[in-house]
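Residue strings, one per chain:
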Amino acid sequence: MTIRKLARMLFVINGLQFLLGGGILIGLWNHLFEQSDFVLSLALGLMLFSSLLTIGGLFSFTHYQNRSYRESMENLEKLNSKLREQRHDYLNQMQIVYGLLELEEYEEARDYMRPIFKDVMKVSWAMKTSQPAVNALLQAKLEAAERLGIDFYLEVATQLAELPMEPWELCKVIANLIDNAMTAVEHLDGEKSIRLEMREHKEEYQIAVHNNGPAIPEKNRKLIFNQGFTTKEGEGHGMGLSIVTGVLKEVKGSIQVESTDEETSFFVKIPKRKRRGLSFAGMKVTG
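Residues numbered from 1 in each chain as written. Predicted model: local features only at pLDDT ≥ 70, side-chain atom pairs only at ≥ 80, totals over all residues. Heavy atoms only, no water.

A.B. asks: Provide a residue-level description of the pattern of salt bridges, including the pertinent values.
C.D. replies: For the structure shown, the criterion picks out six salt bridges. Of the charged contacts, one joins E107 and R110 as a salt bridge, the two residues approaching to 2.6 Å between their closest N and O atoms. Here E107 pairs with R110, and both are found in helix α3 (residues 106-125), just three residues apart, close to one helical turn. Given the relative accessible area of 49%, E107 is considered partly exposed. (Salt bridge = Lys/Arg side-chain N within 4 Å of Asp/Glu carboxyl O. Helix = DSSP H or I, 4+ residues; strand = E, 2+ residues; numbered from the N terminus. Buried < 20%, exposed > 50% of the residue type's maximum accessible area, 1.4 Å probe, protein only.)

In structure tokens:
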């Protein structure tokens, strides 16, 4: 829930309080002076009830927002820590490469640089958007994939500058799709690969997550978006795609799945935030 939606909800609650309280007072106007204690108690009760609803709504929203902020900050701290570690390591590694070049051991220098270059590219890939929370999430997922022996490829071609949602809401979408992809491939024998594509068009953002895990049976391809549906054993499963669907519904986005024996892909579309504009003599000025 965004701050704007919360404000609308509180406005409606207080409006209903005003209308209900006013209606009761008008209905009891003739008995106002005869039953003043009753009217006063009723009015105070309505105000207390409305206040409790307001406080409850604010508490729920604050708790939810704080949890999202905390997750984003944890990912940012991990990213910053990773960057500091890499800076220290790279200084030492560059000294080794320089020594190999001085000794004219060019093949050794190239072989030594290959994994270092791959590591550098992972960090740069995860820092291509203008959303620090998204960048931190991608870096965390890259590291998680590496620990599981999964090849994780990123193709980021957007700054995500016109998101219609809070960044942590987009993080929920991306994180759940990546986690599902990791679950699908982590027990495969042989190649395990995930590919995340993030692009933008004039009116929308497009995000695709591909994995080379087993195909999703056709009968399950619509059911997987329902809350609680899962093919995994144990409790706590079947929520990820339902969460994704709920977030996308709030911003009029969409998600589709395609699955074959070679690849399973989830395609997400998110409309861009509409720019505010003013019209002057038929001309629209946007900002």
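Picking up where we left off.
A.B. asks: Please give an account of the side chain of Q131 that cites residues and values.
C.D. replies: Residue placement: Q131 occurs in the loop between α3 and α4 (132-147). Under the relative-accessibility criterion, Q131 is labelled buried at 15%. Contact partners of Q131, with chain neighbours within four places excluded, come to Q159, L160, L163 and P167. (Contact = heavy atoms within 4.5 Å.)

A.B. asks: Which residues make up the nonpolar core, and what values do they have?
C.D. replies: Ranked by internal contacts, the top residues of the largest apolar core, which has 43 residues, are L138, L170, I174, L196, M198, F266 and I270. When contributions to this core are tallied by element, the ones reaching two or more residues are α4, β1 (151-156), α5 (167-185), β2 (193-200), β3 (204-211), α6 (240-250), β4 (254-259) and β5 (264-271). With ten residues, the top contributor of residues to this core is α5. When residues no more than four places from it in sequence are discounted, the contact partners of F266 are L177, I207, A208, V209, I216, I224, F225, L241, I255, Q256 and V257. (Core = buried A, V, L, I, M, F, W, Y, C linked by side-chain atoms within 4.5 Å.)

A.B. asks: Give me the pairing of β4: which residues, what numbers.
C.D. replies: The two faces of β4 differ: I255, V257 and S259 on one face are buried, but S254, Q256 and E258 on the other face are not. The pairing of β4 with β5 spans six bridges and is classified as antiparallel. Following the sheet pairing, S254 is matched in β5 by K269. Hairpin connection, β4 to β5: the antiparallel pair is bridged by four residues. (Pairing = 2+ DSSP bridges.)

A.B. asks: I'd like a description of a negative patch on the surface, backed by residues and values.
C.D. replies: Taken together, the side chains of E102, E104, E105 and E108 define an acidic patch exposed on the protein surface. Assignment of secondary structure puts E108 in helix α3. By relative accessible area, E108 is classed as partly exposed at 47%. (Patch = residues over 30% accessible without salt bridge, like charges linked within 9 Å, V, L, I, M, F, W, Y side chains within 5 Å. Areas by Shrake-Rupley, 256 points an atom, 1.4 Å probe, with all protein chains shown as cover. Lys, Arg positive; Asp, Glu negative; His and termini not counted. Charge placed at Lys NZ, Arg CZ, Asp CG, Glu CD.)

A.B. asks: An account of the packing of α5 against α6 is requested, with residue identities and associated values reported.
C.D. replies: One can describe the packing of α5 onto α6 by two numbers: an axis separation of 9 Å at closest approach and a directional angle of 150 degrees. Judged on the interaxial angle alone, α6 and α5 are roughly antiparallel. Seen from above, α5 lies across α6 with left-handed handedness. Between α5 and α6, the residues in contact are E169, K172, V173, N176, L177 and N180 and G240, L241, I243, V244, V247 and L248, respectively. Here the contact of α5 with α6 is built from residues that sort into seven nonpolar, three polar and two charged. (Axes fitted to C-alpha atoms, helices over the stretch in contact; angles between N-to-C directions. Parallel < 35°, antiparallel > 145°, perpendicular 65-115°, else oblique. Left-handed = near helix turned anticlockwise from the far one by under 90°. Nonpolar A, V, L, I, M, F, W, Y, C, P; charged D, E, K, R; others polar.)

A.B. asks: Tell me about the sheet that holds β4, and name the residues and values.
C.D. replies: Taken together, the five strands give an open sheet; going across it, the order is β1-β2-β3-β5-β4, and neighbouring strands pair in mixed fashion. Lying at the two open borders of the sheet, with one neighbouring strand each, are β1 and β4. Sheet twist, expressed as the average angle between the axes of neighbouring strands with direction ignored, equals 10 degrees. Packing of α4 onto the sheet brings it into contact with β1 and β2, and relative to β1 it is tilted by some 155 degrees.

A.B. asks: Please set out the pairing of β3 residue by residue, giving values where relevant.
C.D. replies: Here β3 lies mainly inside the structure; six of its eight residues are buried. The pairing of β2 with β3 spans seven bridges and is antiparallel. In the strand pairing of β3, E200 is matched with Y205. As consecutive antiparallel partners, β2 and β3 are separated by three residues. With eight bridges connecting them, β3 and β5 associate as antiparallel partners. Across the sheet, the residue bridging to N211 is T264, located in β5.

Geometric descriptors of this kind do not, in isolation, establish any biological role.
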